[in-house]
Amino acid sequence: MTSLRPTPVALALGLAFAGTALAQPAAPNTDTALTLGQVVVSSSASGPLEARRLLTSVDILPGERIENQVAQNNWELFGQVPGVMLTQFGQGTTSGKFSMRAFNGEGEINAVKLLIDGVPSNSNDGNMPYIDLAPRVDIDAIEVVRGTNDARYGLHNIAGNANIATRSGGNYLLGRASYGSFNATDLQLAAGIEKDGLAQNYAVAVQRTDGYRDHSEAQGASFSGKWFFTPQGGTSRFGLIARHYTASAEEAGYLTRSQRSLNPDQSPAHNATDEDRRQVSQFALQGESELGGQLFWNGQVYLNNLDDHRFVKFSAGASQQERIVLETHTGASTSLTWRGGQTAIGRISVMGGFDAEHQENRSQRYNTISQVRQSQTRNQSFEFNTQGAFVQAEWKPIPALTLVPAWRIDSINGSYTNQLNGLSYPVNAYGTIEQPKLSAIYAFSPAWSVYGNWGRSFQVGVGTASYKVNQSNDLAPSINEGAELGVKFRPAGWLDGRVAVWRQTASNEARRRLNDPSNDSENIGQTRRQGLDLQLNARPTARLGLWMSAAYQDSEILKADAASVATTGKEIDHVPHLLYNLGADYQASDALRLSAWVNGQSSYYLERSNTSGKFGNFAHLNLSAGYRFTPAVSAEVLVRNLFDRYSEYVWWDGAQSLHAPGTPRSVFGTLAVRF
């Protein structure tokens, strides 16, 4: 692939295109968002900045593409989003994860900021144990922002962010009951009550499954409640959000290559007592208000709590570990948006904000035999605090051209205590982490627009690596510099799409050592990730909808750390070159809907020397049929992996490959009611 230089080249090219056509009339079709499976018209700009107004690759997964899915965990829903990779561990509550922009899902570098209704929802290490807090029947949309130019968020916003938006307001009653392969049961209920300015939204979900492998039974339950009040006049809204999720699951463990070939459904004897119990909670107070005709405010305070207790044995020769994670995060954020309207130099809006988060974390580990403690290998407590502020302007000198300069700064402080020896350490003095950003879009016509962006995001250590435990000098943050050039097109009312080329480099990337008793990290060095994304939505007839996406991505270690010089020029592990989705939805009659889609990926290397073989490629065909008996009652049949194609997640433990077989062919039936 032709490389993009690690400078604002994408933006420069976009402006060059714009400069050749300023005399051409163009409608102000100046957002870059695509709604999957739909051909949509851009929304108008009002109120606070929305994800769809960001001038980068933004994808919106609407509720109708979510409610028909049968999923044990919410991370599976992201498999429909272009350019997003799913990693299926298949280990109890550590079931899987999504990632993007050529960052893998191993948990070594967690590069996606997760939010639920705008509430930050990552654990300290950037993982996503909170993702199942939102019952699926309550999800209204999923918004995925890829790239480095979104100034709204700092920590973990390395490759982009994802927001799960749930239902708000309305009067409704929804119920869904699903049953299918492996004795999987899923019961969900949601209700909305809105009257006299008070909107109440409730949702509950209960799930269980025997699992597709031996020793993989799992069950979970979640509750979500939202209470929002709109005073008379309708220019403000204030409310409370409360969510809780609890789960327990057996872990089938990883198989050697020979075990996998002999019987992929088995669970080795050494995993007989492996399991996990997890509880997560989230509470938030949110408010927003129109302060006059041009000024808009929103803000929130929130509390996240994680309690995770896991027993895991990775191979027959390793010790079983008891892993305890206790985290409490409290935070607040606020922003102001001023929409100045038309001025002598064009239409101008300015948005600025501040956010802060305080973390109190505890991490403990023991070597165990059949869940009986033998020795303690970790007992850490640490505070980790972040503060960030941003400002960005949206300037439209002419209706067809939008320029968005932005600036974000973040700072970090905290302290760490090793409870095994009583020693305490300060956080690395990362200083003020500055992140300039610049974006532009020009609409040649209502059908064609070109956009470019450039920006910086950052990575700092997590766990022990955030603190001066193993060195006397302060570590610097790793700066990620990204650039993108894209074209969004809608040549006909029934067809829209987007093509984008992007590149992201990191100055001194580090990754967590996942099985390290000290909870530390190691340096990778300077890295480069780049890719080409293609997306299309089409509705050639009133009854037929077609959609496809393909992402080619490439990764390289440009200059390895001194401890691993031999990896210079090698690919980053677990990064397939190709990700793809394509499908069709056909409304056979007013009552019957049929869908078919294929999702797949190419293979990846298991470690950074690229010498242990390539694994992980797959292609699965899925089918579904939905029938609406009455306006209130409908049924759905879903078949995943129709041809029962084998897939697996594979990792390297330093001596051998370890395999987690993916889900075989499975069939689910769902009955839904809506009032």
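Residues numbered from 1 in each chain as written. Predicted model: local features only at pLDDT ≥ 70, side-chain atom pairs only at ≥ 80, totals over all residues. Heavy atoms only, no water.

J.: Summarise the overall build of the protein; cite the residues concerned and give the values.
T.: Within the protein, the regular secondary structure consists of two helices and 35 strands. Scaling as 2.2 N^0.38, a compact globule of 675 residues should have a C-alpha radius of gyration of about 26 Å, and the protein matches this with 24 Å. Across its three principal axes, the protein shows a C-alpha extent of roughly 75 × 65 × 50 Å. Counting over 675 residues, the protein shows a buried share of 57%. Once local pairs closer than 6 in sequence are excluded, the contacts in the protein between residues at least 24 apart make up 66%. Put simply, the protein shows about 25800 Å² of open surface, and 58% of that area lies on carbon and sulfur atoms. For the protein, the distance from the average position of its 57 positive side-chain charges to the average position of its 61 negative side-chain charges is 4 Å. (Helix = DSSP H or I, 4+ residues; strand = E, 2+ residues; numbered from the N terminus. Rg over C-alpha atoms; globule rule 2.2 N^0.38 Å. Buried < 20%, exposed > 50% of the residue type's maximum accessible area, 1.4 Å probe, protein only. Contact = heavy atoms within 4.5 Å. Areas by Shrake-Rupley, 256 points an atom, 1.4 Å probe, with all protein chains shown as cover. Lys, Arg positive; Asp, Glu negative; His and termini not counted. Charge placed at Lys NZ, Arg CZ, Asp CG, Glu CD.)

J.: Outline the pattern of salt bridges, supporting the account with residue identities and numerical values.
T.: Any two side chains of opposite charge can pair, on the condition that their charged atoms come close. Tallied over the entire structure, the rule returns 33 salt bridges. One salt bridge connects R498 with D59, and the closest N-O pair in it is separated by 2.9 Å. Of this pair, R498 sits in strand 24 (residues 495-512) while D59 is found in strand 2 (residues 57-62), placing the two residues 439 residues apart along the sequence. Residue R498 is classed as buried on the basis of its relative accessible area, which comes to 1%. Taking the relative accessible area as the measure of exposure, D59 reaches 0% and is therefore buried. Linking D533 and R146 is a salt bridge whose minimum nitrogen-to-oxygen distance equals 3.1 Å. With D533 in strand 25 (residues 521-538) and R146 in strand 7 (residues 139-146), this pair connects stretches of sequence that are 387 residues apart. Exposure class is identical for D533 and R146. Each is buried. Through salt bridges with shared partners, a single network forms among D59, R101, R146, E484, R498 and D533. (Salt bridge = Lys/Arg side-chain N within 4 Å of Asp/Glu carboxyl O.)

J.: Account for the environment of W454, with residues named and values stated.
T.: Looking at the element boundaries, W454 is found in strand 22 (residues 448-459). For the pair W454 and V499, spaced 45 residues apart in sequence, the C-alpha separation works out to 17 Å.

J.: How would you summarise the nonpolar core if you had to cite specific residues and measurements?
T.: Note that soluble globular proteins tend to have their nonpolar side chains buried in a common cluster. The biggest cluster of nonpolar side chains holds 28 residues, and the ones touching the most others in it are F78, F98, I131, I139, I142, V144 and I164. Those elements giving two or more residues to this core turn out to be strand 4 (94-100), strand 5 (112-116), strand 7, strand 8 (160-166) and strand 13 (236-250). Once residues lying within four places of it in the same chain are set aside, the contact partners of V144 are S57, V58, D59, F78, V81, M100, N161 and A162. (Core = buried A, V, L, I, M, F, W, Y, C linked by side-chain atoms within 4.5 Å.)

J.: I'd love a proper account of the sheet that holds strand 7, names of residues and values included.
T.: The six strands are arranged 1-2-7-8-5-6 in an open sheet whose pairing can be described as mixed. For this open sheet the edge positions go to strand 1 (34-35) and strand 6 (119-120), each flanked by a neighbour on one side alone. One ladder, built from seven bridges, connects strand 7 with strand 8; its direction is antiparallel. Bridged to V144 within strand 8 is A162. (Pairing = 2+ DSSP bridges.)

J.: Explain the confidence of the model for the protein residue by residue, including any values.
T.: In the predicted model, the protein carries a mean pLDDT of 91, and the fraction of residues at 70 or more is 93%. Between residues 1-28, whose pLDDT stays under 50, and residues either more than four places distant or in other chains, the model counts 57 contacts. In this model residues 39-46 is a low-confidence stretch, pLDDT under 50, and it forms 20 contacts with partners more than four residues away in sequence or in other chains. (pLDDT = per-residue confidence, 0-100.)

J.: Break down the environment of N149 for me, citing the residues and quoting the values.
T.: Tracing the backbone shows N149 in the loop between strand 7 and strand 8. Residue N149 is classed as buried on the basis of its relative accessible area, which comes to 6%. Sequence separation of N149 and R176 is 27 residues, and the distance between their C-alpha atoms is 39 Å. With residues up to four places along the chain from it excluded, the contact list for N149 reads L55, T56, K437, S439, N453 and W454.

J.: Break down the pairing of strand 21 (residues 433-443) for me, with residues and values.
T.: Note on strand geometry: in a regular strand, side chains alternate between the two faces of the sheet. Burial within strand 21 is extensive, with nine of its eleven residues counted as buried. In this structure, strand 21 lies alongside strand 22, joined through seven bridges in antiparallel fashion. Residue pairing for strand 22: A440 is matched across the bridge by G452. Hairpin connection of strand 21 to strand 22: four residues between the antiparallel strands.

J.: Residues and numbers for the side chain of D117, please.
T.: Its place among the elements puts D117 in the loop between strand 5 and strand 6. The exposure class assigned to D117 is buried, which follows from its relative accessible area of 15%. If we skip the residues at most four places from it in the chain, D117 touches N163, I164, A165, T166, K226, I241, R243 and Q286.

J.: If you had to explain the packing of aromatic side chains to someone new, which residues and values would you point to?
T.: This structure, assessed with the given rule, holds 15 aromatic pairs. Here the aromatic rings of Y254 and W651 are separated by 5.6 Å at their centres, their planes lie at 75 degrees, and the arrangement is edge-to-face. Of this pair, Y254 sits in the loop between strand 13 and helix 2 (257-262) while W651 sits in strand 33 (residues 648-652), and the two are 397 residues apart along the sequence. Across the pair, W651 and Y254 agree in class, each one buried. (Phe/Tyr/Trp six-rings, centres within 6.5 Å; stacked < 30°, edge-to-face > 60°.)

J.: A description of the environment of E250 should follow, citing residues and the corresponding values.
T.: For E250, the position within the fold is in strand 13. What makes E250 partly exposed here is its relative accessible area of 26%. For E250 and F311, which are 61 residues apart along the polypeptide, the C-alpha to C-alpha distance reads 9.3 Å. Every residue in contact with E250, bar those within four places of it in the chain, is listed here: G92, H215, S216, E217, D274 and E275. At 3.4 Å, the side chain of E250 forms a polar contact with the backbone nitrogen of S216. (Polar contact = N/O pair within 3.5 Å; in protein donor to acceptor, adjacent residues only side chain to side chain.)

J.: Can you break down the side chain of S564 residue by residue, with the values?
T.: With respect to the element layout, S564 can be found in the loop between strand 26 (544-560) and strand 27 (578-587). Apart from the residues within four sequence positions on either side, S564 is in contact with N523 and R608.

J.: A description of unusual backbone geometry should follow, citing residues and the corresponding values.
T.: Even without being a glycine, D196 presents a positive backbone phi close to 55 degrees. Accessibility expressed as a relative area gives 69% for D196, which makes it exposed. One non-glycine residue, N641, lies in the positive phi region at around 55 degrees. Residue placement: N641 occurs in the loop between strand 32 (633-640) and strand 33.

J.: An account of the pairing of strand 27 is requested, with residue identities and associated values reported.
T.: One ladder, built from nine bridges, connects strand 26 with strand 27; its direction is antiparallel. Opposite G545, over in strand 27, you have D585 as the bridge partner. One ladder, built from nine bridges, connects strand 27 with strand 28 (residues 592-601); its direction is antiparallel. Residue pairing in the sheet places L579 in a bridge with Q601 of strand 28. Connecting strand 27 to the next strand, strand 28, in antiparallel fashion are four residues.

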